[in-house]
Amino acid sequence: MTRIHCYTSVSLAYLQRARILAETVRRHHPDWTLWVCISDKPPAGFDLSILEKSFDHVIWVEELPVDAMASWIFKHNVVELCTAVKGYVLDHILEQGADAVVYIDPDIALFSPLVEVVESLKSSSVILTPHLIDCETTVSAILENERSALMHGVYNLGFLAVRNDDIGRRFARWWRDRLSLFSYEEASRGIYTDQRWCDLVPAFFDNVKIMRHAGYNVASWNISQRPLQFDRTGCLLAKGVPLRFYHFTKIDHVGELMIEIYAGQSKAIFELVEWYRAAMQRNESSTIPKRWWFYGNYDDGAPIPYEHRLTYRRDPSYFERYKNPYVHSTFRAWLEQTGQA
Amino acid sequence: MISEGVKDVVSANFDRQYYLSANPDVGAAGVDPLEHYLIAGSIEGRRPVFWFDPGFYRDRYADIVNAGVEPFYHYLVAGKTEGRMAEKPFAIERHTIARAFADEAHYVHSKSHETPIGLAELIGVLDNVLQKACSHLVLSVSHDEYTKISGGLQNAIGQEQREVNARGAVYIHVAPAVPNMGVRESFVHSAEAFRLTVDGRPLALVRAEDLNTYLARWRQNNDIPFILTIHSVLGHSVGFIEELALRLKPNRSFIWLHDFSTLCRQFALLRNDYEFCWAPELGSHACQVCAHGAKRSDHVDIMRRLFRATCPTVLAPSEVALDLWKRANNYIYERAVVVPHATMVFDGTRPRSRNIGNPLRVAHVGVPMLHKGWPVFEELASNLCARDPRYEFFLFSAVKAGSDRIQWVSVDTSKGNCNTMVEALQEAEIDVVIHWSLCYETFSFSACESILSGAYVIVMPTAGNATLLVQDNGAGEVCEDKAALFELFQSGEIVQRVKDYRDRDIPTGDMLMETKAVSIMLNGASKP
């Protein structure tokens, strides 16, 4: 296996995280080719060179082969869109001839080489990492974590690895197609962006590897079962095995709360959190305004409420009537006229 | 309106001394601290005791806010039993880690605003000192003015200086003009200045290049052996030492391992300033996530230059310190020697009786700081055992700290009698010393003092020479972690341990300061 490509998906507000990811991937896998897909448009004065420093290839969302781009983008909030593009990008990179493609969320940092994944890609077509690899033992943890996995997906799609073989290509096309239609945060309706779809993968496809190594995709939702600890050689262990990567999801009040509840006696997690915060500060770009997302506003600058997107996407008749709902005088005007704005 | 019931419960647990110390504005206003807390302080998030954070409690437990219950009162009557947290978990460690990442100021060199004396004046001052016959000239380098700062390293330098003088040698000491913990690579000739101390007398602020010029000239005109001894290079530039070594060609050069600043700028090898890291390899996970890790490679390169330039004899205060240091570097040096600062002489001086205290008298010895285990001691004394009649808690230090549950005994070890602390511990009849240093101690005067006093000493397994001293002398025990330490006290098992210890007629004694290092420095030196 010689040509492994790795990609991530962001809006520009998450670029500093993606740069940390890129730095850590380069450190441990200097031979991998790095891609980023940006579901955004840059603000005036944006420093494009920071992309070139971190990534080998950049794809902007409007370069993807999506029909009715404006209509499609409008249906999604920023998280949904950054997820919806993942299938297209995977398919594209496989088409380019990579031997294997690894997807990693931008808020993940590698701490050691993903040796088990590289080895598994010699024989497995699709590699997934589950949210949980151990049963919870308390009622609160069962409700918090196991039930959450049932609602949001058994596997965390912050990580995915796909080999460029027949099964891998079929998976990529299937996933692309599902995400093009239904990459939404509607857990109560059985859809949660890209994750719930992948619950079907072991049923639909052969040669699927469920990576249960405790060092993969450690995060606030499983840290109670994978305590982090440094050994005397300076190796960071998760449940006694080397940490491969940590998922710094929601490094804010909510995320820190979960860590506090589930960290137990493991103080090392707080070192990781501060390290990551310092890295985020270092990688901020002053040329990206805070909370920037080009697709978050109508063409008159007014923010788009999520309810507008929900209304739009739940009625296919709107897609033809309002091909570009970003034009405020079209879809939004209709909502205002009908008292739905 | 605060009900009497709430007031009574809070009052019984409120730490007035802590509150006034943490909130000087309250004392200055002449307001009763408890009243202030109940009326304003709680809402403002001011802690009633060091271990409870009302702001955190309100933030975490919305039901308390909704019910309008005062947080500290709730915690005392119900919250603790319900398993609610009194403060952010690992609050001290997290604060320390955050500060490690945020605070680069300690490592930045800054220029002094004072004007150094000129070369002519320096010549006059030093000619005056050196006009008398002397056997050797010793140039000593460390990170601060040892005559003005109290501490183990400073005391050791003072002892060395006095012994050097006693043998007829002159002792010139240099410290950075503005102390800092960084080590610079380049010698900025015009900018670098030293606080010069000669034979124990602080003399002047001098330019480094002037001192270099003077010493080079002196060296040319004198046949007296010149010895360079580096106790610490923090705050200095390696470039200066390289230039000095090149021009002056010392007869002998020494580098001390008082700490591990030759391995990492975090001289105590505390990863993110809070946990001993064992000096792992560069590029380890530990270095990757440590606030000091990114600088470690450059730091090691600078140290490698220092060792190459001086080719020193390495002096280590203990075998364990040298073992760890050797394992973690590949520097060039001539040889390494273990030279303890002092020896414990168990001559039965001031023997302890077999009767132990009731309550048991438990002490923290030395500076009340995080890396010396103070927060753990404070938590034990002021929270866990705050009202435990079995124990009484003490702080033996030059600095006062702690709640009203901890009695402060002022002890200044910086001057004169090296057994000041031993005597103080014995006079107070201390039964137990909790030596909870987070650092891998290279020597540990405080462990020696505690053992010599006849106290039962409790250490962590990672306390380096302190751990070894306790184990080799059978003078206490090693506690794996804080939980084990707290269990020892909660269960009361510590009382039996101390009884068994004192039943053995344990030896006591005095510390004898060693002079072997000075003999090595001065012995056999001749001009190359």
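Our structure's up above, just so we're on the same page.
Residues numbered from 1 in each chain as written. Chains lettered and ligands numbered in written order. Predicted model: local features only at pLDDT ≥ 70, side-chain atom pairs only at ≥ 80, totals over all residues. Heavy atoms only, no water.

A closer look at the overall build of chain B
- Counting secondary structure elements, chain B contains 22 helices and 18 strands.
- Scaling as 2.2 N^0.38, a compact globule of 528 residues should have a C-alpha radius of gyration of about 24 Å, and chain B matches this with 26 Å.
- Taking the principal axes of its C-alpha atoms as reference, chain B extends roughly 85 × 50 × 45 Å.
- A total of 528 residues make up chain B; the buried ones form 57% of that total.
- Of the contacts made within chain B by residues no fewer than 6 positions apart, 70% connect residues no fewer than 24 positions apart.
- For chain B, the accessible surface area stands at approximately 21400 Å², while carbon and sulfur atoms represent 51% of it. (Helix = DSSP H or I, 4+ residues; strand = E, 2+ residues; numbered from the N terminus. Rg over C-alpha atoms; globule rule 2.2 N^0.38 Å. Buried < 20%, exposed > 50% of the residue type's maximum accessible area, 1.4 Å probe, protein only. Contact = heavy atoms within 4.5 Å. Areas by Shrake-Rupley, 256 points an atom, 1.4 Å probe, with all protein chains shown as cover.)

Some thoughts on the side chain of His29 of chain A
- Mapped onto the elements, His29 of chain A comes out in the loop between α1 (15-28) and β2 (33-38).
- In contact with His29 of chain A, other than residues within four places in its own chain, are Leu110, Pro113, Leu114 and Val118 of chain A.

Overview of the nonpolar core
- Ile434, Ile458, Phe489 and Ile494 of chain B are the most contacted members of the largest nonpolar core, which totals 111 residues.
- Setting aside chain neighbours within four positions, we find Phe489 of chain B in contact with Val362, Leu380, Cys385, Arg390, Tyr391, Val432, Ile434, Ile458 and Ile494 of chain B. (Core = buried A, V, L, I, M, F, W, Y, C linked by side-chain atoms within 4.5 Å.)

Looking at the packing of helix α11 (residues 208-221) of chain B against helix α12 (residues 238-248) of chain B
Residue and element names in this part refer to chain B.
- The N-to-C vectors of α11 and α12 enclose an angle of 15°; their axes lie 10 Å apart at closest approach. Taken together, the axes of α11 and α12 are roughly parallel relative to one another. You can see that α11 and α12 cross each other, and the crossing is right-handed. Of the residues in α12, those touching α11 at Ala208, Asn212, Thr213, Leu215, Ala216 and Arg219 are Phe240, Glu243, Leu244, Arg247 and Leu248.
- For the contact of α11 with α12, the class distribution of residues is six nonpolar, two polar and three charged. (Axes fitted to C-alpha atoms, helices over the stretch in contact; angles between N-to-C directions. Parallel < 35°, antiparallel > 145°, perpendicular 65-115°, else oblique. Left-handed = near helix turned anticlockwise from the far one by under 90°. Nonpolar A, V, L, I, M, F, W, Y, C, P; charged D, E, K, R; others polar.)

Structural notes on the packing of helix α5 (residues 86-95) of chain A against helix α8 (residues 166-181) of chain A
Residues and elements named next belong to chain A.
- At a minimum axis separation of 7 Å, α5 and α8 run at an interaxial angle of 150°. As judged from the angle between their axes, α5 and α8 are roughly antiparallel. For the pair α5 and α8, the sense of crossing is left-handed. Across the interface between the two elements, Lys86, Gly87, Tyr88, Leu90, Asp91, Leu94 and Glu95 from α5 touch Gly168, Arg169, Phe171, Ala172, Arg173, Trp175, Arg176, Leu179 and Ser180 from α8.
- Here the contact of α5 with α8 is composed, by residue class, of seven nonpolar, three polar and six charged.

Focus on the pairing of strand β1 (residues 4-10) of chain A
Residue and element names in this part refer to chain A.
- Burial within β1 is extensive, with seven of its seven residues counted as buried.
- Examined bridge by bridge, β1 and strand β4 (residues 100-104) share four bridges and lie parallel to one another. From the neighbouring strand, Cys6 faces β4, where its bridge partner is Val102.
- In this structure, β1 lies alongside β2, joined through six bridges in parallel fashion. Counted as the bridge partner of His5 is Thr33 from β2.
- Assessed by its sense of winding, the connection that carries the chain from β1 through α1 to β2 is right-handed. (Pairing = 2+ DSSP bridges. Right-handed = clockwise from strand over helix to strand, strands pointing away.)

Let's talk about the interface of chain A and chain B
- Taken together, the contacts link 27 residues of chain A with 24 residues of chain B.
- Carbon and sulfur atoms supply 60% of the area that chain A and chain B bury against each other, a total of about 2300 Å² over both sides.
- In this assembly, chain A and chain B are joined by four salt bridges.
- A salt bridge links Glu260 of chain A to Arg60 of chain B; the nearest nitrogen and oxygen atoms lie 2.1 Å apart. (Buried area = accessible area lost by both parts, 1.4 Å probe. Salt bridge = Lys/Arg side-chain N within 4 Å of Asp/Glu carboxyl O.)

Focus on α11 of chain B
- Its 14 residues place the ends of α11 of chain B 20 Å apart at the C-alpha level, agreeing with the 20 Å of an ideal helix rising 1.5 Å per residue.
- Of the positions making up α11 of chain B, those classed as buried are Ala208, Asp210, Leu211, Asn212, Tyr214, Leu215, Ala216, Trp218 and Arg219 of chain B. (Expected span 1.5 Å × (residues − 1).)

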